Structure formats: C-alpha cells, structure tokens
Amino acid sequence: MNTSLTEESPALTSAREQNTSEIVAKNIYKSYGAGPFAKEVVSDCSFTIESNKLTVMIGPSGCGKSTLIQLIAGFEATDSGEITLNGSPITDPGKDRLVLFQESALFPWMTTYDNIMYGPRARGEDTKDAADQAEFLLNKVGLDAFRDKYPQQLSGGMQRRAELARAMINKPEVMILDEPFRGLDNMSKELMWEYYAGLYEEDRNTNFFVTTDIDEAIFLADRLLIMTNLPTSTRSVIEIDIPRPRTIEEVVNSARANEIKKEVMTLLHEEAMKSFSGGSKAAADFLDAYSKRAD
Amino acid sequence: MSLKKFADKIFSRAALRGIVAIVIFLIIWEIGARSEQLFGYRFPFLGLVPPPSDVLVSWAGLIGDPSYWQSWYMSFLRVFGGFIAAMLIGIPLGLFMAVNKTFYGMYFPTFEILRPIPPLAWVPASIIFWPTQELSIAFVTFLGAFYTIVINVLGGARSINKQFLQAAQSMGASQWDIFRRIVLPATLPSIVVGSAVGMGITWEVVVAAEMISGGGSSGGGAGGGLGFFIWSSYVGGSYEQIIVGMISIGIAGYLSSELLRQAGGLLTPWLKTR
Ligand SMILES: Nc1ncnc2c1ncn2[C@@H]1O[C@H](COP(=O)(O)OP(=O)(O)O)[C@@H](O)[C@H]1O
Ligand SMILES: [Mg+2]
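Residues numbered from 1 in each chain as written. Chains lettered and ligands numbered in written order. Predicted model: local features only at pLDDT ≥ 70, side-chain atom pairs only at ≥ 80, totals over all residues. Heavy atoms only, no water.

K.L.:
Run through the overall build of chain A, naming residues and quoting values.
P.N.:
Scanning chain A from N- to C-terminus turns up 11 helices and 10 strands. Split into buried and exposed, the 295 residues of chain A put 52% on the buried side. (Helix = DSSP H or I, 4+ residues; strand = E, 2+ residues; numbered from the N terminus. Buried < 20%, exposed > 50% of the residue type's maximum accessible area, 1.4 Å probe, protein only.)

K.L.:
Account for the confidence of the model for chain A, naming residues and giving values.
P.N.:
When pLDDT is low, close inspection of the predicted coordinates is not appropriate. Put simply, chain A has an average pLDDT of 86, and 87% of its residues get 70 or more. Confidence drops under a pLDDT of 50 for residues 1-15 of chain A, and excluding neighbours within four residues, the segment shows 17 contacts in the predicted structure. (pLDDT = per-residue confidence, 0-100. Contact = heavy atoms within 4.5 Å.)

K.L.:
Describe the coordination of the magnesium ion (ligand 2), listing the residues and the values that go with them.
P.N.:
Surrounding the magnesium ion (ligand 2) are the protein donor atoms S66 of chain A (OG) and Q102 of chain A (OE1), at 2.1 to 2.3 Å. Taken together, the residues span a long stretch of sequence, with S66 of chain A in helix α2 (residues 65-73) and Q102 of chain A in the loop between β6 (97-100) and α3 (112-116) at a distance of 36 residues. (Donors = N, O, S within 2.8 Å, 3.2 Å for Na, K, Ca; no water.)

K.L.:
Explain the interface of chain A and chain B residue by residue, including any values.
P.N.:
Between chain A and chain B, the residue contacts involve 27 residues of the former and 21 residues of the latter. For the pairing of chain A and chain B, the buried interface totals around 2,100 Å² over both sides, and the portion due to carbon and sulfur atoms is 62%. Our enumeration of links across chain A and chain B arrives at zero salt bridges. Where chain A packs against chain B, one counts five residue pairs in polar contact (both at pLDDT 80 or more). Where the side of chain A that touches chain B is concerned, the elements lending two or more residues are β6 and α4 (118-122) of chain A. Ranked by residues supplied to the side of chain A that touches chain B, first place goes to α4 of chain A with four residues. A per-class count over the side of chain A that touches chain B returns 13 nonpolar, seven polar and seven charged. (Buried area = accessible area lost by both parts, 1.4 Å probe. Salt bridge = Lys/Arg side-chain N within 4 Å of Asp/Glu carboxyl O. Polar contact = N/O pair within 3.5 Å; in protein donor to acceptor, adjacent residues only side chain to side chain. Nonpolar A, V, L, I, M, F, W, Y, C, P; charged D, E, K, R; others polar.)

K.L.:
Mind laying out the environment of L188 of chain B, listing which residues take part and the relevant values?
P.N.:
Residue and element names in this part refer to chain B. Relative to the helices and strands, L188 resides in helix α9 (residues 175-213). Taking the relative accessible area as the measure of exposure, L188 reaches 19% and is therefore buried. Beyond its immediate stretch of four places on either side in the chain, L188 contacts L267, T268 and W270.

K.L.:
For the side chain of S248 of chain B, give the residues involved together with the corresponding values.
P.N.:
Its place among the elements puts S248 of chain B in helix α11 (residues 239-267). S248 of chain B has contacts with W59, Y68, W72 and L226 of chain B, leaving out every residue within four places of it along the chain.

K.L.:
Run through the site of ligand 1, naming residues and quoting values.
P.N.:
All names here are of chain A. In the vicinity of ligand 1, the contacting residues are Y32, K39, V41, S61, G62, C63, G64, K65, S66, T67 and L230. Within the contact set of ligand 1, an oxygen atom lies 3.2 Å away from a backbone nitrogen or oxygen of C63. The contact in question runs from an oxygen atom of ligand 1 to an N or O atom on the backbone of K65, over 2.8 Å. Considered on its own, ligand 1 offers 560 Å² of accessible surface; in the complex 63% of this is hidden by protein. Among the elements of the structure, β2 (39-49) and α2 are those that each provide at least two residues to the shell around ligand 1. (Near = heavy atom within 4 Å. Areas by Shrake-Rupley, 256 points an atom, 1.4 Å probe, with all protein chains shown as cover.)

K.L.:
I'd like a description of the sheet that holds strand β4 (residues 80-85) of chain A, backed by residues and values.
P.N.:
What links the strands of a sheet is backbone hydrogen bonding, and the strands pair in either a parallel or an antiparallel sense. Residue and element names in this part refer to chain A. Pairing is antiparallel in the open sheet, where four strands are placed in the order β2-β1-β4-β5. Lying at the two open borders of the sheet, with one neighbouring strand each, are β2 and β5 (88-89). Relative to β2, strand β1 (residues 23-32) is paired through seven bridges, and the arrangement is antiparallel. Of the residues in β2, the one forming a bridge with V24 is T48. (Pairing = 2+ DSSP bridges.)

K.L.:
Summarise the pattern of salt bridges; cite the residues concerned and give the values.
P.N.:
All names here are of chain A. In this structure the tally under the stated criterion is 32 salt bridges over all chains. Across the pair E135 and R147 runs a salt bridge, and its minimum N-O distance is 2.5 Å. One end of the pair, E135, is in helix α5 (residues 128-140); the other, R147, is in the loop between α5 and α6 (156-168), with 12 residues separating them in the sequence. For R147, a relative accessible area of 23% translates into the label partly exposed. Among the ionic pairs, E239 bridges to R223, the shortest N-O distance being 3.2 Å. One end of the pair, E239, is in strand β10 (residues 234-239); the other, R223, is in strand β9 (residues 223-227), with 16 residues separating them in the sequence. Look at the salt bridges and you will find they share partners, linking E50, K53, R223 and E239 into a network.

K.L.:
Before we move on, could you go through the packing of aromatic side chains and cite the residues and values that matter?
P.N.:
All names here are of chain B. Taken as a whole and judged by the stated rule, the model has 36 aromatic pairs over all chains. Seen in terms of ring centroids, W122 and F139 are 5.8 Å apart; in terms of plane orientation they differ by 80°. Their pairing is edge-to-face. Here F139 lies in helix α7 (residues 133-158) and W122 lies in the loop between α5 (101-114) and α6 (123-129), a separation of 17 residues in the sequence. For the pair formed by W122 and F139, the shared burial category is buried. (Phe/Tyr/Trp six-rings, centres within 6.5 Å; stacked < 30°, edge-to-face > 60°.)

K.L.:
Lay out the domain arrangement of chain B with the relevant residues and their values.
P.N.:
Residue and element names in this part refer to chain B. Here chain B is partitioned into domain 1 (12-49) and domain 2 (51-268). One C-alpha centre belongs to domain 1, the other to domain 2; they are set 33 Å apart. With six residues of domain 1 at the contact, the number on the domain 2 side is six residues. Of the roughly 530 Å² buried at the junction of domain 1 and domain 2 (both faces included), carbon and sulfur atoms supply 68%. Linking domain 1 with domain 2 are one salt bridge, by the criterion used here. (Domains from an automatic or database assignment.)

K.L.:
Break down unusual backbone geometry for me, with residues and values.
P.N.:
Residue and element names in this part refer to chain A. A cis geometry characterises the amide bond from L230 onward to P231, with omega recorded as -10°. With respect to the element layout, P231 can be found in the loop between β9 and β10. Cis peptide bonds are those with omega within 30 degrees of zero, and the linkage from R244 to P245 qualifies with -10°. Structurally, P245 can be placed in the loop between β10 and α9 (248-253). Positive phi is not limited to glycine here, since D44 has a value of about 45°. Residue D44 is classed as partly exposed on the basis of its relative accessible area of 39%. Of note, N52 is a non-glycine position whose phi angle comes to about 55°, a positive value.

Shown next, in the form of structure tokens:
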C-alpha cells in the first residue's frame, strides 16, 4: 500500500508539511425548524479535536453527527455556543477545513484529474506547482491510469481515494470525513482503513473522522469521542493507546482493542437503552444492530 | 475485437429488422390501397389512401421542384428561429430563477399561469399583435419550446446536489466559478432534455400555425412551409402530395432531433459512460 517515496520532489515535501490546528466546540446547541416544530439536534455539546491527532467520533445513526460537521465546516451556524479553529471562531466555510461527505461529491462532469485540480483552479492557482501536486497525488492514491475517467467509471473505493486527493491538494489544516467508507464492501473497506491510516501517519495533520462502525473507529482512532443519542452531546472520550502503524490483524487480536471495544459497546448500549425506554424506533434498530456485532 | 464484432452483429440485425418491417408495411399499404382494383372490394381506411407507389411518383416529381424545397426551408427557418430564440431567452431565465429567490418569487406565478395556455391558442392574438404573419408564426413557434426549456432548466438547476456546492465553496471557489463550473454543467443534462422535448413541440406548432395562418407573409404558395404545403395539397385535391408532406415533416423532425441528440451528446460526454 505504501507508495515508495524515494525521490524528494518539492511536491512531495509540501504534501508532508505539518501544521498544528485544533478545533474546540464549547457548549454548542443546534435546532432545525422553529416554534412547536423545532427539533433539537445538538444540545450542550463540547469536544476538542486535538492538533495532529486522528479523532474519531462514533454515535448512533441519526444522532446529529453530520449536523456537527455542517457546523464545524461553517456551512451552518450554531444557535448558541462557539466552535473555534486555533482560537478564532468559525463563521464561514474555508479550505482550511475540507469535508469528505457521506455520499461521494465528486463532480460527475469532470474527469479524475479535473476533479483534483478543481480547488487550485477555482482559486486562480492553476500553476505548474499545482499540476505537479496533482500528478503526485494521482500516483499516491493509485489513480494515475484513471486520470481521464469520469467518477461514474470508478469503483466506490476509487471514488473515495479520488476525493481524498481532491481534498489533500488544498493542504487543509483539518481534514473532516463523514462516514466516508459507508457502503463499501467489507474487503474494500478494510483496505481503505489501512490506506487512509497510512496517509494520516505520513503527515499526522489534524483529522476528524465520523463513523457508526466500532471496528473502524478503534482501528483508526488516536482519540475516540462517543456521542449520545439525539439531541447529541459528548458522552465520553477514550484515548486509543494502540501503537501505530496498526494492521487489521494486530488490532483484531489485540487484547487492549477488545477491551476498548467492550467499553465502547457498553456505552453505546446504554445510550440506546435510554432512548429505547422512550419508545424510539431508531433506538430499537440501533440496539439490534450493535448487539449483533457484540458476538 | 470480438466484442465489437458482436455489437456490429446485433446492430446490423436490428437494422435489418427495421428494414424488413418497413418493407412489409409498404406492401400491406400498397395492397390495401389497390384493394378495389385487385379484389373488387375496398378495404376500410387503407382503401381510401393513395398507394405508396403513387406517392413515390408524386414525390419524384416534386424533387426537382424548387417550391417544394422552399417549403422545407421555410419550415426549418421558423422552427430553428423560434427554437433558438426560446433557448437564448429560456436558458438564462430558468437559471436566473433557480439562483435568485426574489426573482423566482416575482416571476414564477405569472409563468405558471401563462404556461398551460397551448401555443396554438396564441395564434389569433399573435396575428393581431405582430406586424407580419411571419413574426406571428415565429412567436407561436417560440412559445412551443420556451415553456418546456424554462421548466427543465429551472428544475435541473434547483435539484443540484447541495454537497457539490458545499464542496466547491469550501475549496475557495467564487460565486461566479461555482455558477460556471458547477451549476451550469450540473444543469446541462436538463437543458439537453428540455431542448429535445421543446424541439418536438416546435414542429407540432409550426405545422399547425402554417395551416391556420395560411402560410405566412408571402400569402401561401412557395413561402408557405410544409404545413401549408399539406393544406394546399388537401385543398387542391392531391392526396399523394398530402402524404408526401406528412412524410417530409416526419423526416424533418427526425433530422432536427438527431441534430440535437448529437449536440447534446457532445456537451455531456460524462453521461455516455454510464
Ligand atoms: N437540514 C435539516 N433540517 C431538518 N432536520 C435535519 C436537517 N439535517 C438533519 N436533520 C435532522 O437531524 C437529525 C440528525 O441528523 P444527522 O446530523 O444527519 O445525523 P447523523 O449524521 O448522526 O446520522 C436527524 O433526525 C435529521 O432528520
Ligand atoms: Mg450522517
């Protein structure tokens, strides 16, 4: 998986640049709708996405994780509370925080290469340097042979890698990923875990990764944020002290990983039980899904 | 290589089937049309229609007649004149309504009240309003394509995946860049579909308008277009020519649609990869 990096091109060194960026959310609230129809999605939620760590957020489906990403990315504003990037409040979207959405957002009318070059071109930086970066990234994500293909012609895993490259060329300070590997088959999913972890370990920039998959969360995370059910807030934080780089096999057989997994499952189970007593259908489904994985 | 051969085979088979079907159709038509001579009994419907051989003879006589080609030319001119005007006004209007809420709120209700009025209902009014017959036909033709194009463009531009816009925005794209490189290409497939449907309606409208208005400014005859050609053949009692006119319109409509399909395919190459 690791591309051999022998020659040091300028593109390569800049891709390895490291920056320190921390995102802090403090007592944030967010509702959709107004008046009697208002639906509270985020309630008194605080957490830190620490600099140069891979923070994974796990929570039941529908608890408000994508909503939190909309807030962090600056596409929507909080009702109250504050989210800051390196101390300054987030008000707008920006290329310092790039999001990989749940569904592929590659532009269908652009080839892989044009998709990757979108950011630099949109900012009027269609330079030799940007083109070199694109070449480097195409190679890195293994899509050199697919540079002139449209997204529709790529497999699900390739699309996700193309999207990673499209984000990485903008050298974001924080990379935000919303369940990026959902819908991939198990085989590609595990390959993508190792692949993505490899990319992260190369530069160790701040990454924020959202998932509902416990195995994915434990394999990837430096820090794990466990969220409550809707309206969401941070339930607890676990440091995943398994050394890097990790292999799937190691993690599967690791006693420490299994210990963490039990702990996470207990917490998520409690969350589900809470809203289960409230009679929520979503909670029942959730409970069902997680109790299967516990075996 | 073998895959291509296989495709060729299917294609030629399909083409062959088409030709066989047309030949059988022509034979049945010929026999039906000559049923009175052949069997002493006139088949219902087909017995009243001139046989294809007579139609061909009549057509052969028209091939060298400049006024027949003038009819083609006039109808094409009206169709494309109205159609291009509808695109030039309809596409920007649809896009603008999609991106500007205020304009949408102001204009869309009017649009929705005018839209259900069939273009042909505009014929008398447009003959009164426009100074020349030619302009009134052009206007009605324009209306035929206009509403369809606007509705398709508007629908296409409004249903853009929100995450395309968010992705572009967070990569630092300006509003203009987002419009040009996201909104426009995302709407292109709807523009192509709207245009293809609009083109079909344009031919329907132009033929009817030519019949009703008596063939435009030249007062019929050579400047009348294919619709008027059919009408005058009917008035003149030449049933073969009626059918020549009908088939001519079929061919003209097909050629126009094919032209649009080709242009549409060139504009949206990513759709072909599906
Ligand atoms: N734009 C919106 N308007 C109204 N409700 C929304 C909106 N976005 C999300 N929601 C609601 O907020 C809740 C959380 O959604 P989401 O953040 O997508 O959850 P998750 O990503 O954890 O699955 C859901 O009940 C959803 O219906
Ligand atoms: Mg989500």
